[in-house]
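Analysis of the macromolecular model
Take a look at the letters that make up each chain.
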Number of protein chains: 2
Amino acid sequence: MIVTIKDVAKKANVAPSTVSRVIANSPRISEKTKKKVREVMEELGYHPNFQARSLAAKSTQAIGVIMPNSAYYAFQNPFFPEVLRGISTSAHDNKYGIYLSTGSTEDEIYNEVTSMVLGRRVDGVILLYSRINDKTMNFLQSSNFPFVVVGRPDEHDERISYVDNDNIFITKQVTNYLIDLGHQNIAFVGGSTDFVVTVDRLNGYKLALKDAGISFKKEYMVFEDFIKENGRKAIESLMNLNDPPTALVTQDDLIAYEMISHLEDMGIRVPQDISIVSFNNLMLSEHSKPPLTSIDICIYQLGFEATKCLLEKISIPDTLPKRITIPTKFIERKSCEQKK
Amino acid sequence: MIVTIKDVAKKANVAPSTVSRVIANSPRISEKTKKKVREVMEELGYHPNFQARSLAAKSTQAIGVIMPNSAYYAFQNPFFPEVLRGISTSAHDNKYGIYLSTGSTEDEIYNEVTSMVLGRRVDGVILLYSRINDKTMNFLQSSNFPFVVVGRPDEHDERISYVDNDNIFITKQVTNYLIDLGHQNIAFVGGSTDFVVTVDRLNGYKLALKDAGISFKKEYMVFEDFIKENGRKAIESLMNLNDPPTALVTQDDLIAYEMISHLEDMGIRVPQDISIVSFNNLMLSEHSKPPLTSIDICIYQLGFEATKCLLEKISIPDTLPKRITIPTKFIERKSCEQKK
DNA sequence: CTGAAAGCGCTTACAG
DNA sequence: CTGAAAGCGCTTACAG
């Protein structure tokens, strides 16, 4: 049979309410009573029931983590285990559990989130992506439920708490790095433009070009949909331009690997013929050929800080919205070269 | 204010129990009543409270998913997002949620699992790894709680439900493939020997050698701890043997990439000088250089079937333990060559 | 410092 | 086909 608070109370000769207070470690209970009750709990193998606790206390001690739908480039992307590690470390430090939602379509995600929130499965939510005009985010905001976004919200970013890198700035820097190496024909290979991160990075890229007086070419932008459909063709169409790029800014190491592979097949060498700089600094990037020059966006920290921020908001509901910027590291390796 | 079953009942002029039955879509309620109640639910924006439901019905509609601790080689490994995708597809199809546990030490995992189970946070558990003499697994089994393992349990495997590849067999096959290419000096580069998967694959490897009359050499085995500490040194010590291997069976594509990188640095070419065959067939492996010959272990299916199996066990408690074997695919690419 | 009582929002025999 | 009542295992004012 299941051991309840009543069983413990009876055996310890106290009221159930006292046992409850011992569990919560209330300062209003004497050490002596606490000791006795704890002994009985131990003896009986008592374990508090989460559901009952949640119902009575109106707190679930769980946070919801919402992954983007799998259409997002590369669900095989190590980004997710890594954020998750950051999230769970912070969550467990605070005795919170993680409730995971991974819809395969936007609607599925939306439904899962609404039922999670309205059904009080969780005390707060972390959105692991930011998409343009996202109805899930809109729902979260209008329902006034504690949530934080990993990424920059498309709208109302002054009213939403979020954790992000400074994507515009770092992409500008990275592009400048290529420009300083003498490159003028720099292409941008991005994820889906539905995501704010893509838009931000694209803007950083454009900014750098503008500052350097390099005109921006539409043909130099390639996005996820095209790559996913036919990565080979995507890069071919880029390299077959009259004025092919001599450098690439790629949004993810995984995409960079694929690009490099196709390029080599086409007889184009990295970095001798084309330079590549990328994002995420996956573990592998150190060992790829050539070793990838990449931006370490500190994925773990992104998750860790987002959780910390959420937990704060849960415990102090009128916490002001804040933006946390996670610094990045430029890891220079061997995929870029001075333009000849 | 929160809308409860009572509010709906009052407005619809029925008893709360009737509303409850409408939610459960009980056949004992007339269509007419159902319709009326549903309209009111819609109108009031009613959403069932999970905690209350769980408490009364003694079912949480959630499964716990236990990840191995991050010490496991490569938490950046795409294995996890991929199993998770399989798990969540199956779970959501059945209206189950996913409760994630990711301890960073064995003890943390153990504590999370016990509190999850004893505290009735979940209806069942999926263990995403199988480790030798694992106290978490032992706890699960002795507490008679529904659970299934992804991987082969170390002990009592006839009494535990699990989903696995036939690791012994496939590793034997893979090793034979290398033997057929003329290789005699074949090394095994594995994960941690704490995990059953490593042991099984090692056994498959040994079996193939034995059948071919090749004597097994201890120096030809390299394991995780050594690699993690110093991957470069690990491979160097292998290649500096009097009789260095001409082929490698590697447990994971990620490790294979690292090995290849070190080998090239040492001036040893893959596949000309050394052949490599590996496991997991990551998305990248198609694009790596050389394209990796790898075993696709069907990670998604592993997760999907494990969940199906668990859900069955939850709904029919006396379901017999079963073993489900997920077939694998041998993806031949260009990392192996005939021995010269 | 401790207890009796009400209540969190549901489900489910039981009765009709 | 529907309702009244008890109960799931906790927490938390309120009272002393």
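Residues numbered from 1 in each chain as written. Chains lettered and ligands numbered in written order. Predicted model: local features only at pLDDT ≥ 70, side-chain atom pairs only at ≥ 80, totals over all residues. Heavy atoms only, no water.

As named in an unreviewed UniProt entry, chain A is LacI family transcriptional regulator, taken from Bacillus weihaiensis.

1. Details of the side chain of N280(B)
Residue and element names in this part refer to chain B. Threshold: Each helix is a run of DSSP H or I of at least 4 residues and each strand a run of E of at least 2, with the numbering of both proceeding from the N terminus. Between buried and exposed lies partly exposed: a residue is buried under 20% and exposed over 50% of the maximum accessible area for its type, with that area taken using a 1.4 Å probe on protein chains only. We call two residues contacting when some pair of their heavy atoms lies within 4.5 Å.
Here N280 is to be found in the loop between β9 (275-279) and β10 (293-296). On the basis of relative accessibility, which here comes to 7%, the residue N280 falls in the buried class. Sequence-distant contacts of N280, that is, excluding residues within four places in its chain, are made with N77, D252, D253, S294, I295, I297 and I299.

2. Some points on unusual backbone geometry
Of the consecutive residues V270(A) and P271(A), the connecting peptide bond is found in the cis state with omega at 5 degrees. With respect to the helices and strands, the residue P271(A) is situated in the loop between α12 (253-265) and β9 (275-279). The linkage connecting K289(A) with the following residue, P290(A), adopts the cis geometry, with an omega of -10 degrees. Within the secondary structure, P290(A) is located in the loop between β9 and β10 (293-296). Unusually for a residue other than glycine, N281(A) sits at a positive phi of about 45 degrees. Turning to its location among the elements, N281(A) is positioned in the loop between β9 and β10. The phi angle at N133(B) is positive, at roughly 50 degrees, despite the residue not being glycine. Within the secondary structure layout, N133(B) lies in the loop between β3 (124-127) and α7 (135-142).

3. Things to note about the domain arrangement of chain A
Residues and elements named next belong to chain A. Defined as follows: Boundary definitions for the domains trace back to an automatic or database domain assignment. The buried area of a pairing is the accessible area, by a 1.4 Å probe, that goes missing from both parts when the two are put together, added over both. Put simply, a salt bridge is a Lys or Arg side-chain nitrogen that is within 4 Å of an Asp or Glu carboxyl oxygen. Nitrogen and oxygen atoms within 3.5 Å of one another constitute a polar contact, given that in protein one can donate a hydrogen and the other can accept it, and given that sequence-neighbouring residues count only through two side-chain atoms. Throughout, the ten residues Ala, Val, Leu, Ile, Met, Phe, Trp, Tyr, Cys and Pro are labelled nonpolar, Asp, Glu, Lys and Arg are labelled charged, and all others, Gly among them, are labelled polar.
Segmenting chain A into domains produces domain 1 (62-165 + 299-326) and domain 2 (167-297). Just the C-alpha atoms count here: the centres of domain 1 and domain 2 sit 28 Å apart. With 20 residues of domain 1 at the interface, the matching set in domain 2 holds 18 residues. Of the roughly 1700 Å² buried at the junction of domain 1 and domain 2 (both faces included), carbon and sulfur atoms supply 58%. The interface formed by domain 1 and domain 2 includes two salt bridges. Of the charged contacts in the structure, one is a salt bridge between D194 and R131, with a shortest N-O distance of 3.5 Å. Across the domain 1-domain 2 interface, the total number found is seven residue pairs in polar contact (both at pLDDT 80 or more). Looking at the side of domain 1 that touches domain 2, its residues break down into twelve nonpolar, four polar and four charged.

4. Remarks on the packing of aromatic side chains
Worth spelling out the cut-off: Two rings from Phe, Tyr or Trp (for Trp, the six-membered ring) form a pair when their centres sit within 6.5 Å of each other. Planes less than 30 degrees apart are called stacked, planes more than 60 degrees apart edge-to-face, and all others tilted. Should the NZ of a Lys or the CZ of an Arg lie within 6 Å of a ring centre and within 35 degrees of the ring normal, that charge is described as sitting over the ring.
Inspection of the entire model under this criterion finds 17 aromatic pairs over all chains. Judged by centre distance (5.2 Å) and plane angle (80 degrees), the rings of F79(B) and F80(B) are edge-to-face. In this pair, the class of F79(B) matches that of F80(B), namely buried. A centroid spacing of 4.8 Å and a plane angle of 70 degrees characterise the contact between Y177(B) and F330(B), whose relative ring orientation is edge-to-face. Pair noted here: Y177(B) is in helix α8 (residues 167-180) and F330(B) is in strand β12 (residues 329-331), with a separation of 153 residues, a long-range link. Under the relative-accessibility criterion, Y177(B) is labelled buried at 16%. We note R121(B) situated over the ring of F50(A); from NZ or CZ to the ring centre the distance is 3.9 Å.

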